[in-house]
Amino acid sequence: MTEQTYITGKDAALEETIAQVQKQLAQLGFDIEETRWLNPVPNCWSVHIRDRNCPILFTNGKGASRKAALASALGEFVERLGSQYFFGDFHWHRERTEAGVHDPRERWFTIEQPGIRPEGLLDDALWRHYLADEMRVTTEDWIDFNSAVSDAVCALPYTRISDDETVYFPANIVGNLYVSNGLTAGNTPYEARTQGLSEVFERYVKNRIIAEGIALPQIPDAVLNRFPTIATAVHALREHGFGLRLMDASLGGRYPVICVTLIDPQSGGVFASFGAHPNFEVAFERTVTELLQGRALDDLHGFHPPTTDRELVSDPQNLELHFIDSSGWIDWRFFRDTPDYPFVDWDFTAEDNHACFARLCAIVTDEGYDVYVADYTHIGLYACRILVPGMSEIYPVDELYDRNNNIGLALVPFVERLGALDETDCAALLDEIDGLDLDWLMPVTDVIGLAADPGSAWSSLRLGELRALTLMQTDARKDEDEREAILDWLATVPPLPEDRKSVYRAAVALNQLHDAFGIARTRQTLQSTLTVMFTAETLNSAERLLAGQAGFLDIPSLGTNYSNSQRHQALIAAYERAFAAKNPRSES
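Residues numbered from 1 in each chain as written. Predicted model: local features only at pLDDT ≥ 70, side-chain atom pairs only at ≥ 80, totals over all residues. Heavy atoms only, no water.

The name given to the protein in an unreviewed UniProt entry is YcaO domain-containing protein, with the source organism recorded as Halothiobacillus diazotrophicus.

This is the structure:
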């Protein structure tokens, strides 16, 4: 008889889940490999899995056993494939088709008058929540980043749990504000929904606790000792020299959340792990395994010490770091000995996951919010994405207008034919880059939605470098002060490959020498020394750069639909396979 391993909160055995997902992914053409197993202390396992043909598709899993960690990683792969979250940061170049772009059930809207909601898109309360009236939103503001459609807003269906009504959310809003929060897979719909809403609580409570410096009550040893596997892991971490604070983060029994904070006496660094589930033990175990997911013990020495800078801690960018990898700053007030809430030995469980989900929804309703769910049933396990507007946003609503990911679409026509741009094109590209008002160190791949080939020039290109190369081919290069500043920046700031870095160092030297001695005299009197410092090829490229004749060095055009990037084409092929499973009639 085949061994069957059941764990609390799951509606099927781990072996059944693993076999089902592996079979389905293989049928869809995904070749999954396990690349990094970690078991730094007893009862804390994690694994990294990825698709061999497109390694950019990867997930991590955690659990108290090897099987639990693998099931977790496979479940995350399903949720990100089924919801297309895997592809959300990339440009798909796909036009509207009868089969759809994001989902066969999608609808497309045009905002005919700025700030006036089209019937069927969101509802009045959500329209106001996203500041659409206040900001006088147009179609252009909410076009999605992924497709090649620029004249309509793609909206996706979500079911409002309170009344079972379907509400259409712009894909742009979902991608910009919610990222992976509330995105889960499970053996049954309510197993997944329970976990998804638990994650919403986890991050909502975590943000509040960190931003406000709330001091939490410690979990008594008598409670810890009820859970031997957790107690063993905690003991092992303490034996390795780490301090641990095990805390009830329910804020007085209000939410099903646990916090475990690690204190590193070696570096003075601290970081807080949070976990949530209606069952206290499950939430506790997930918090401890999350603490170590993807980390060896040596990786626990690199976190910030506590700070008294409250503004820094509560800054949205710091809270975003806590969402990404728990590497943000934590307020000293969080470590006060006297807690702001009493310890509660809570239990939010009910007779089954359906009832657990209903109980969690009641908490949301009491807070004055609504739960919305999108279902994905086509990749072997049920998966869903849960939105709770006002509670589950990872990024502030203002970022829809200050840092919307669709601003990078303006660069796509230029990068596709980069090597063929003339001076007029370069001037237009320069205007577009300056209009983005983004950090020069931002990778261009992030801006244009490119899956770059590893080691290619595109994989290391920064926005400031693209701007500089563009500027050097326009009349703007005649501004000596700007040229000197941009060359100095290129030679000293961005982390670039040595071949391009050396060209910029040579250009700085030549620019200074030309100003001091003139071009002809520099060549006559200093050429032998320069050829010791730099290769002839590097010097030639630097001279051509200063003359506005170097083009974009070794950075090639991406081609139509980024056809010159093999990794991007592999990613789009994976997208097409996943979408075909969503709708067998869709294009493959």
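Novice: Just checking my understanding: could you explain a negative patch on the surface for this structure?
Specialist: There is a patch of like negative charges on the surface, built from D479, D481, E484 and D515. Structurally, D479 can be placed in the loop between α17 (463–471) and α18 (480–492). By relative accessible area, D479 is classed as partly exposed at 37%. (Patch = residues over 30% accessible without salt bridge, like charges linked within 9 Å, V, L, I, M, F, W, Y side chains within 5 Å. Areas by Shrake-Rupley, 256 points an atom, 1.4 Å probe, with all protein chains shown as cover. Salt bridge = Lys/Arg side-chain N within 4 Å of Asp/Glu carboxyl O. Lys, Arg positive; Asp, Glu negative; His and termini not counted. Charge placed at Lys NZ, Arg CZ, Asp CG, Glu CD. Helix = DSSP H or I, 4+ residues; strand = E, 2+ residues; numbered from the N terminus. Buried < 20%, exposed > 50% of the residue type's maximum accessible area, 1.4 Å probe, protein only.)

Novice: I would appreciate a short explanation of α18 in the present structure.
Specialist: Because an α-helix completes one turn every 3.6 residues, residues spaced three or four positions apart along the sequence face the same direction. For α18, with 13 residues, the first-to-last C-alpha span of 18 Å sits near the 18 Å given by 1.5 Å per residue. For α18, the complete set of buried residues consists of R483, I486, L487, W489, L490 and A491. Buried residues belonging to α18 abut α17, α19 (498–517) and α21 (536–546). (Expected span 1.5 Å × (residues − 1). Contact = heavy atoms within 4.5 Å.)

Novice: For this particular structure, what's the right way to read the packing of aromatic side chains?
Specialist: Describing an aromatic ring pair means giving the distance of the ring centres and the angle of the ring planes. The tally for this structure, following the rule as stated, stands at 22 aromatic pairs. An aromatic cluster is defined as three or more aromatic residues linked by ring pairs; in this entry it consists of F30, F77, F86, F87, W92, Y575 and F579. The lysine or arginine in question, R107, covers the ring of Y168, its NZ or CZ lying 5.1 Å from the ring centre. Cation over ring: R577 sits above F30, and NZ or CZ is 4.4 Å from the ring centre. (Phe/Tyr/Trp six-rings, centres within 6.5 Å; stacked < 30°, edge-to-face > 60°. Lys NZ or Arg CZ within 6 Å of the ring centre and 35° of its normal.)

Novice: Even after reading the chapter, I still don't get the sheet that holds strand β9 (residues 257–263), so can you show me in this structure?
Specialist: One key point about sheets: their strands pair by backbone hydrogen bonds, in either a parallel or an antiparallel sense. Spatially, three strands are ordered β8-β9-β10 in an open sheet, and the strand pairing comes out antiparallel. Each edge of the open sheet is held by one strand with a lone partner, namely β8 (243–248) and β10 (270–276). The sheet shows a mean angle of 20 degrees between the axes of neighbouring strands, taken without regard to direction. In this sheet, β9 lies alongside β8 in antiparallel orientation, the contact comprising six bridges. Bridge pairing in β9 places M247 opposite C259. Where helix α5 (residues 189–212) meets the sheet, it contacts β9 and β10, and its direction lies at approximately 145 degrees from that of β10. (Pairing = 2+ DSSP bridges. Axes fitted to C-alpha atoms, helices over the stretch in contact; angles between N-to-C directions.)

Novice: Just to check I follow, could you spell out empty space enclosed by the protein for this structure?
Specialist: The rolling of a water-molecule-sized probe over the atoms marks out the regions of remaining empty space. A complete count under the given rule lists one cavity of 30 Å³ or more for this structure. A volume near 40 Å³ is recorded for the largest cavity. Forming the walls of the largest cavity are N43, C44, A64, T229, I230, A233, E285, V288 and T289. Class assignment of the residues belonging to the lining of the largest cavity gives a composition of five nonpolar, three polar and one charged. The two domains that each donate at least three residues to the lining of the largest cavity are domain 1 (14–87) and domain 3 (198–362). (1 Å grid on protein atoms, 1.4 Å probe; cavity = no way out; pocket = protein on both sides within 12 Å on 5 of 7 lines; lining within 4 Å. Points joined across faces, edges and corners; volume = space filled by probe spheres on them. Nonpolar A, V, L, I, M, F, W, Y, C, P; charged D, E, K, R; others polar. Domains from an automatic or database assignment.)

Novice: Please clarify how the side chain of T289 should be interpreted in this entry.
Specialist: Looking at where T289 falls in the secondary structure, it is placed in helix α8 (residues 280–292). A residue is classified by how much of its surface remains accessible, and T289, at 5% relative accessible area, is buried. Once residues within four sequence positions are removed from consideration, T289 is found in contact with N43, C44, K62, G63 and A64.

Novice: Is there a simple way to explain the domain arrangement of the protein in this structure?
Specialist: A common way to express how large an interface is: the accessible area buried when the components associate. Taken domain by domain, the protein comprises domain 1 (14–87), domain 2 (103–178 + 369–404), domain 3 (198–362) and domain 4 (407–567). Once you take the C-alpha centre of each, domain 2 and domain 3 turn out to be 31 Å apart. Between domain 2 and domain 3, the contact holds twelve residues from the first and eight residues from the second. Counting the surface lost from both domain 2 and domain 3, the interface buries some 910 Å², and carbon and sulfur atoms represent 80% of this. Of all residues in domain 2, M391, I394 and Y395 bury the most surface against domain 3, accounting for 53% of the area lost on that side. On inspection of domain 2 and its partner domain 3, the count reaches zero salt bridges. At the junction of domain 2 with domain 3, the criterion picks out zero residue pairs in polar contact (both at pLDDT 80 or more). (Buried area = accessible area lost by both parts, 1.4 Å probe. Polar contact = N/O pair within 3.5 Å; in protein donor to acceptor, adjacent residues only side chain to side chain.)

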